[in-house]
Amino acid sequence: MKRHATLINLSQEHHHTLALCLRILRDPEQNHQKDITEHFLDLEKHFSTEERQFAPLWPALNRPDLRERFEHDHAQLRQMFQAAKFDDTEWNTQFATLLRDHARFEERELFPELETKAL
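Since the model is a prediction, treat every value here as computed from it, not as a measurement. (Residues numbered from 1 in each chain as written. Predicted model: local features only at pLDDT ≥ 70, side-chain atom pairs only at ≥ 80, totals over all residues. Heavy atoms only, no water.)

1. Brief notes about the overall build of the chain
Right, on to step 1. Per the secondary structure count, the chain includes 5 helices and 0 strands.
Right, on to step 2. Relative to the globule expectation of 14 Å for 119 residues, the C-alpha radius of gyration of the chain, 15 Å, shows essentially globular dimensions.
Right, on to step 3. In terms of principal-axis extent, the alpha carbons of the chain reach across some 45 × 25 × 20 Å.
Right, on to step 4. Across the 119 residues of the chain, 39% fall into the buried class. (Helix = DSSP H or I, 4+ residues; strand = E, 2+ residues; numbered from the N terminus. Rg over C-alpha atoms; globule rule 2.2 N^0.38 Å. Buried < 20%, exposed > 50% of the residue type's maximum accessible area, 1.4 Å probe, protein only.)

2. What to know about the packing of helix α2 (residues 33-54) against helix α4 (residues 64-82)
Right, on to step 1. The interhelical angle for the contact between α2 and α4, taken along N-to-C directions, is 155°, at an axis separation of 11 Å. Comparing the axis directions of α2 and α4 gives the class roughly antiparallel. The element α2 and its partner α4 pack so that their crossing is left-handed. Judged by residue contacts, Ile36, Thr37, Phe40, Glu44, Phe47, Ser48, Glu50, Glu51 and Phe54 of α2 engage Phe70, His74, Leu77, Arg78 and Phe81 from α4.
Right, on to step 2. Here the contact of α2 with α4 is composed, by residue class, of 7 nonpolar, 3 polar and 4 charged. (Axes fitted to C-alpha atoms, helices over the stretch in contact; angles between N-to-C directions. Parallel < 35°, antiparallel > 145°, perpendicular 65-115°, else oblique. Left-handed = near helix turned anticlockwise from the far one by under 90°. Contact = heavy atoms within 4.5 Å. Nonpolar A, V, L, I, M, F, W, Y, C, P; charged D, E, K, R; others polar.)

3. Overview of the UniProt feature "domain: Hemerythrin-like" (unreviewed entry) in the chain
Right, on to step 1. In the numbering adopted here, UniProt assigns the feature "domain: Hemerythrin-like" (unreviewed entry) to residues 10-114.
Right, on to step 2. Taken end to end, residues 10-114 comprises 84% helix and 0% strand; its first and last C-alpha atoms sit 13 Å apart. (UniProt positions renumbered as here; feature names shortened; annotations may be inferred.)

4. Topic: the packing of aromatic side chains
Right, on to step 1. As enumerated under the stated definition, the model contains 10 aromatic pairs in all.
Right, on to step 2. Between Phe81 and Phe86 the ring centres are 6.4 Å apart and the planes differ by 70°, which places this aromatic pair in the edge-to-face class.
Right, on to step 3. Accessibility expressed as a relative area gives 11% for Phe86, which makes it buried.
Right, on to step 4. Taking 5.5 Å as the distance between ring centres and 75° as the angle between the ring planes, the aromatic pair formed by Phe86 and Trp91 counts as edge-to-face.
Right, on to step 5. What links up through ring pairs into an aromatic cluster is the set Phe40, Phe47, Phe81, Phe86, Trp91 and Phe95. (Phe/Tyr/Trp six-rings, centres within 6.5 Å; stacked < 30°, edge-to-face > 60°.)

5. What about helix α1 (residues 8-26)?
Each α-helix winds once per 3.6 residues, and so residues spaced three or four apart point in a common direction.
Right, on to step 1. In this model, α1 (19 residues) spans 27 Å end to end at C-alpha, consistent with the 27 Å of a helix rising 1.5 Å per residue.
Right, on to step 2. Every buried residue of α1 is accounted for by Leu10, Ser11, His14, Thr17, Leu20, Cys21 and Ile24. Taken down its axis, α1 places every buried residue within 165° of arc, on the same side. Seen from the open side of α1, the exposed residues pointing more than 90 degrees away from its buried face are Asn9, His15, His16 and Arg26.
Right, on to step 3. Contacts from the buried residues of α1 go to α2 and α5 (89-117). (Expected span 1.5 Å × (residues − 1). Arc of directions from axis to C-beta.)

What follows is the structure, encoded as structure tokens:
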């Protein structure tokens, strides 16, 4: 299915996010502070854009489960970044896994629902 025009840029940004997650998960023992910090600046803009863009769509979507996951993931990723442990293998793995799973959730579950019910 071709992405709705309003979601194309977000999907492209997900591609860059997934590439970051792959780099981290290939070598979680390494300190990825520079890469994560640089990406998180863009990621924060990405989160804010999605939150503004989707806010008026939640009622039409009528899927509180998707909204809860979306909001929870954003909050958890922000919290993890604020308490980052870039030298910790477990933190790197958890952060990259959550970020990867969140991008996949949006691409595979949230975006298709938005496209069919709210856009």
